[in-house]
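Overview (structure and organization)
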Amino acid sequence: MFVNYLKIAIRNLKKYKQYSIINVLGLTIGITACVMILLYVNFQRSFDRYHENADRIYRIETKASFGGMAFNGPVTCAPMAETLQREFPEVVKATRVFRTGYPVLRYADKAFSEERWFAADSTFFEMFSIPFIDGDPKTALTKPNNVVITESMAKKYFGNEPAVGKVLNSDKQTDYMVTGVVKDIPANSHFHFDFLCSINSYQFILQDQFWLSNNYFTYILLKENASAKALEEKLPSLIPKYIGPQILQTVGRPLEQVMINGNFWGYYLTPLTDIHLHANSQYELEPGGNASYVAIFVLIAIFILVIACINFMNLATARSATRAKEVGIRKTLGSGRSQLIRQFLAESIFLSLLSVILAMILVKLLLPAFNNMVGTQIEIHYFNNFIIFPLLIALGLAVGFLAGIYPAFFLAAFDPVVVLKGNLKLKSKHSWLRSTLVVFQFVISIVLFSGALIIFNQLKYIQNKNLGFNKEQVIVVEKTDDIGAQVIPFKEQLLRNPDILSVSNSNTIPGRNFSNNAHRREGATPDETVAINGIHSDTEFAETYQMTLVAGRYFSKDRPADSGAVVLNEAAVKAFGIEEPVIGKGIMEYGPPERGDIRHEIIGVVKDFHYQSLHYEIRPLAIELFQLGQLGRCVSVRVKPENIRETIAYMEKTWKEFASDQAFEYVFFDEDFARLYRSEQDTRKIVTIFSGLAIFIACLGLFGLASFTIVQRTKEIGIRKALGASVRSIFLMLSLDTLKLVLIAMLVSFPISWLIMSKWLQNFSYRISYDFGAFLLAGFAAFIIAIGTVSHQAIRAATSNPVDALKYE
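To keep things clear, this report deals only with the structure shown in the data block. (Residues numbered from 1 in each chain as written. Predicted model: local features only at pLDDT ≥ 70, side-chain atom pairs only at ≥ 80, totals over all residues. Heavy atoms only, no water.)

A look at the overall build of the protein chain
For the protein chain, the count of helices and strands is 26 helices and 24 strands. Across the protein chain, every contact between residues at least 6 apart in sequence was considered, and the portion connecting residues at least 24 apart equals 80%. (Helix = DSSP H or I, 4+ residues; strand = E, 2+ residues; numbered from the N terminus. Contact = heavy atoms within 4.5 Å.)

Next up, the structure:
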């Protein structure tokens, strides 16, 4: 029976070729868009799930607040891992990860500057399921100066030779023996290392028992069936036991006198599989995803698929007039209603499955470009995976059934007597449903399109906003700390080029990570402590980034005492509550008990500048001068806009004079700063593309409705033309229906767009207001596209011969 239905379906599809092609096109685009988005969503949600015990691994995070300044980060103190494993029996294992730096590694005649160098405890590979190619995971990190490297790094340094047993030199100082080679870390991991050395290679870590300093990413593995919530409820017991004594020793006051006026300190657990999408801290090992964006993408996928199904319904009912006699004849010959419904559903499912096959081909072809656009590494293998192909077939069956069920019942309900007498009236109570569905399509399309425009305007606002410093024409040379004291003559040599205006060395630059330490105003009590970010630099930092001083001065080479001084931003002055005059007053930096507090004299105040993403308000910042012999990893070079290529060539030539075999690495600062908004850029691209697809698919549905309307009004058009109506008046009459539907869609979509995008804009502390102009532009674009879609049908009907129209039916 199914084969018979299939044969009839194929014959009817050939007979109604135009509608079949449009249906297949709409469903193919809808299914392709849906599959692409769902692949992206699945990639975002699959992070870290490949680990064997992923559901039992948690990260300990710190939440604290002092002086109204909150700290919420994924790091803890050095003793945390050992303490948890010792004091809580439900903790099976604990391990720490520490970002040690960015070394230049050398082997034989090879030298490379590396970004992904971390240190970890020996238990790391017992907790995380990372396959070893060579070496023993149980002993790989047990001894000092051991390092495990990835497969790609082994090939990079050692070619086809065995890597285990070889020695890598770090920064011309320390040798590390390779004790293991692992598979490259999967793309869907919340952090990626190329080199993982033993944490006991660093004496300062072994000696670090300071609970008030948080620099380590601490992970724990719980026993089976152990409750993470129950453990989290026990963590506050650590505060009086370990934090309290050190606060008393550091500030001279007991814990209960410090934890007042909103001050607090606490720890909480984050499941490993939640880190990527739910992390929102600037201190993350790598930038994460965004759970809200993933939810939005899921809705977009569903809506686009729904739009494609609506098209099918409208196009199927639009051709109902041409199939009415077929239904009447088949009913007269004995076909029952249920038989006709099955037949129409078979046609629908056949079209849907054909669309799935075409969509599978399109997804495979478009996936590389999509990966490149959003910076992912999504792969799809239809037949190597026992889930994907059946799911796609199930999707095709579901779409075919849902899209075809209404037209099937609609067509099968025709009265054969009425149809064969030619008295079928297609203007029925169901016409409002078709119009409603088209309105629904355009509501979704306008909301998506206006959202893409508002995201674009917000990003444009970010790009053009005065950040409080000049980010243009700055080139940053990376990893200059590797050449040690040669940084100073390197800077001096650069300044001999007339196209280079200023040069500065610093430990970080705006847009990257900063140190964060507790300070208080001189004379203030410990409960007035403020956590502030810090930058260490030379005397040219403010000049190079063209910051504005509002009080005092910047550091000077001619004043040796400046080595203990500090320059604050306005936010820091306000947070400390320092009254005028600010210059000459001091702030106290907390230090370990053996060192005591350190006083920094305030010599200058810079105007607030956005050294972090505009997602955040400007936070307190202290800029300190490098101590004697201290150097930073970044050299920022302000250049003239002319001769950029020649200037970079000069910088590289100069670098090689001082750095010999080390590679010359540089970035344009404005491009580096823009990476803070990579997630928003990806979102804009995805929403823009798929809103365009939604409008295109919606227009296919509008084409179906226009076809249906014109079929219904064929005789009316003929009578109007016979009575002297002009082509223009008939065109306007037919187009007016489209105008009404789009205007209704605009009215419905405005509050939806306003609610969604206003909430999205709240992610930024500095933002545009809801852009009504963008909404109007989206609505106008939808209207123009809609008019263009129906104009062909309307013009053809308006210019047709009225005699032919009067003969219709």
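Once you've had a look at it, read on.
Considerations on helix H17 (residues 487-494)
Of all the positions in H17, only Val487, Phe490, Lys491, Gln493 and Leu494 are classed as buried. Burial along H17 is one-sided: seen end-on, the buried residues are contained in an arc of 165°. Among the structural elements, strand S15 (500-506), strand S23 (634-639) and helix H20 (644-659) are those in contact with the buried residues of H17. (Buried < 20%, exposed > 50% of the residue type's maximum accessible area, 1.4 Å probe, protein only. Arc of directions from axis to C-beta.)

Overview of helix H24 (residues 727-761)
Counted at 1.5 Å a residue, the expected span for H24 with its 35 residues is 51 Å, and the 48 Å between its end C-alpha atoms agrees. Its maximal kink placed at serine 749, H24 deviates by approximately 35°, while the proline proline 751 follows within four residues. (Expected span 1.5 Å × (residues − 1). Bend = angle between axes of the 7 residues up to and from the residue.)

Observations regarding a nonpolar patch on the surface
Together, Leu354, Ile357, Leu358, Ile361, Leu362, Leu365 and Leu366 give the surface a local cluster of nonpolar side chains, amounting to about 590 Å² of exposed area. Looking at the element boundaries, isoleucine 361 is found in helix H13 (residues 337-374). Given the relative accessible area of 45%, isoleucine 361 is considered partly exposed. (Patch = residues over 30% accessible without salt bridge, like charges linked within 9 Å, V, L, I, M, F, W, Y side chains within 5 Å. Areas by Shrake-Rupley, 256 points an atom, 1.4 Å probe, with all protein chains shown as cover. Salt bridge = Lys/Arg side-chain N within 4 Å of Asp/Glu carboxyl O.)

As for the packing of aromatic side chains
Under the definition given, this model contains 42 aromatic pairs. Residues phenylalanine 118 and phenylalanine 191 carry aromatic rings whose centres are separated by 5.4 Å and whose planes lie at 80° to one another, so their mutual orientation is edge-to-face. With phenylalanine 118 in strand S6 (residues 117-120) and phenylalanine 191 in the loop between strand S10 (174-182) and strand S11 (195-198), this pair connects stretches of sequence that are 73 residues apart. Take phenylalanine 118: its relative accessible area is 3%, and that puts it in the buried class. The ring of tyrosine 216 carries the charged tip of arginine 96 above its face, separated from the ring centre by 5.8 Å. When the ring centre of phenylalanine 112 is taken as reference, the NZ or CZ atom of lysine 156 above it lies at 4.4 Å. (Phe/Tyr/Trp six-rings, centres within 6.5 Å; stacked < 30°, edge-to-face > 60°. Lys NZ or Arg CZ within 6 Å of the ring centre and 35° of its normal.)

Quick notes on the packing of H17 against H20
The interhelical angle for the contact between H17 and H20, taken along N-to-C directions, is 150°, at an axis separation of 10 Å. In terms of orientation, H17 and H20 fall into the roughly antiparallel class. At the point where H17 passes H20, the crossing takes the right-handed sense. Note on element contacts: H20 touches H17 through Tyr650, Met651, Thr654, Trp655 and Phe658, opposite Pro489, Phe490, Gln493 and Leu494. Classifying every residue of the contact of H17 with H20 gives 7 nonpolar, 2 polar and no charged. (Axes fitted to C-alpha atoms, helices over the stretch in contact; angles between N-to-C directions. Parallel < 35°, antiparallel > 145°, perpendicular 65-115°, else oblique. Left-handed = near helix turned anticlockwise from the far one by under 90°. Nonpolar A, V, L, I, M, F, W, Y, C, P; charged D, E, K, R; others polar.)

Here's the deal with the nonpolar core
Counting 108 residues, the largest nonpolar core has Phe297, Phe370, Phe442, Tyr545 and Phe690 as the members making the most contacts within it. Considering each element in turn, this core owes the most residues, 14 residues, to helix H16 (residues 431-464). Membership of the second largest hydrophobic core comes to 27 residues, among which are Ile57, Ala120, Phe125 and Leu196. (Core = buried A, V, L, I, M, F, W, Y, C linked by side-chain atoms within 4.5 Å.)

Digging into unusual backbone geometry
Residue proline 581 is reached from glutamate 580 by a cis peptide bond, and omega for that bond is -5°. Within the secondary structure layout, proline 581 lies in the loop between helix H19 (570-576) and strand S20 (586-589). Residue glutamine 546 is not a glycine yet carries a positive backbone phi of 50°. Along the chain, glutamine 546 turns up in the loop between helix H18 (541-544) and strand S18 (549-552). You can call glutamine 546 partly exposed: its relative accessible area is 39%.

Describing the pattern of salt bridges
The full count for this structure, using the stated rule, is 24 salt bridges. Look at the salt bridges and you will find they share partners, linking Glu478, Arg512, Arg633, Asp672 and Arg675 into a network.

Description of the pairing of strand S16 (residues 515-521)
Relative to strand S17 (residues 530-537), S16 is paired through 5 bridges, and the arrangement is antiparallel. When the bridges of S17 are listed, alanine 518 appears paired with alanine 531. Note that S16 and S20 share 3 bridges and pair antiparallel. Bridge pairing in S20 links arginine 520 to methionine 588. (Pairing = 2+ DSSP bridges.)

Things to note about the environment of tyrosine 666
Inspection of the secondary structure puts tyrosine 666 in strand S24 (residues 666-668). Separated by 188 residues in sequence, tyrosine 666 and glutamate 478 place their C-alpha atoms 5.6 Å apart. The residues touching tyrosine 666, leaving out its near neighbours within four places in the chain, are Ile475, Val476, Val477 and Ile648.

With respect to the environment of isoleucine 587
Among the structural elements, isoleucine 587 can be located in strand S20. Taking the C-alpha atoms as reference points, isoleucine 587 and arginine 520, 67 residues apart in sequence, are found 5.7 Å from one another. Among residues more than four places away in sequence, those in contact with isoleucine 587 are His519, Arg520, Glu522, Ile532, Val566, Leu568, Phe576, Ile578, Ile598, Arg599, His600 and Ile602.

Observations regarding the side chain of arginine 638
In this fold, arginine 638 is placed in strand S23. Of the buried charged residues, arginine 638 lacks a salt bridge, with glutamate 472 as the closest side chain of opposite charge at 8.1 Å. There is a polar contact of 2.6 Å between the side chain of arginine 638 and the backbone oxygen of asparagine 470. Apart from residues lying up to four places away in sequence, arginine 638 is in contact with Asn470, Glu472, Gln473, Val474, Asp499, Ile500, Leu501, Ser502, Thr544, Tyr545 and Gln546. (Lys, Arg positive; Asp, Glu negative; His and termini not counted. Polar contact = N/O pair within 3.5 Å; in protein donor to acceptor, adjacent residues only side chain to side chain.)

A look at the side chain of threonine 179
Secondary-structure assignment places threonine 179 in strand S10. A polar atom in the side chain of threonine 179 sits 2.7 Å from the backbone oxygen of alanine 140. Non-local contacts of threonine 179, meaning those with residues more than four positions away in its chain, are made with Asp134, Gly135, Asp136, Ala140, Asn146, Val147, Val148 and Val164.

Here's the deal with the environment of glutamine 463
As for its placement among the helices and strands, glutamine 463 is situated in helix H16. A residue is classified by how much of its surface remains accessible, and glutamine 463, at 46% relative accessible area, is partly exposed. Apart from residues lying up to four places away in sequence, glutamine 463 is in contact with Lys471 and Gln681.

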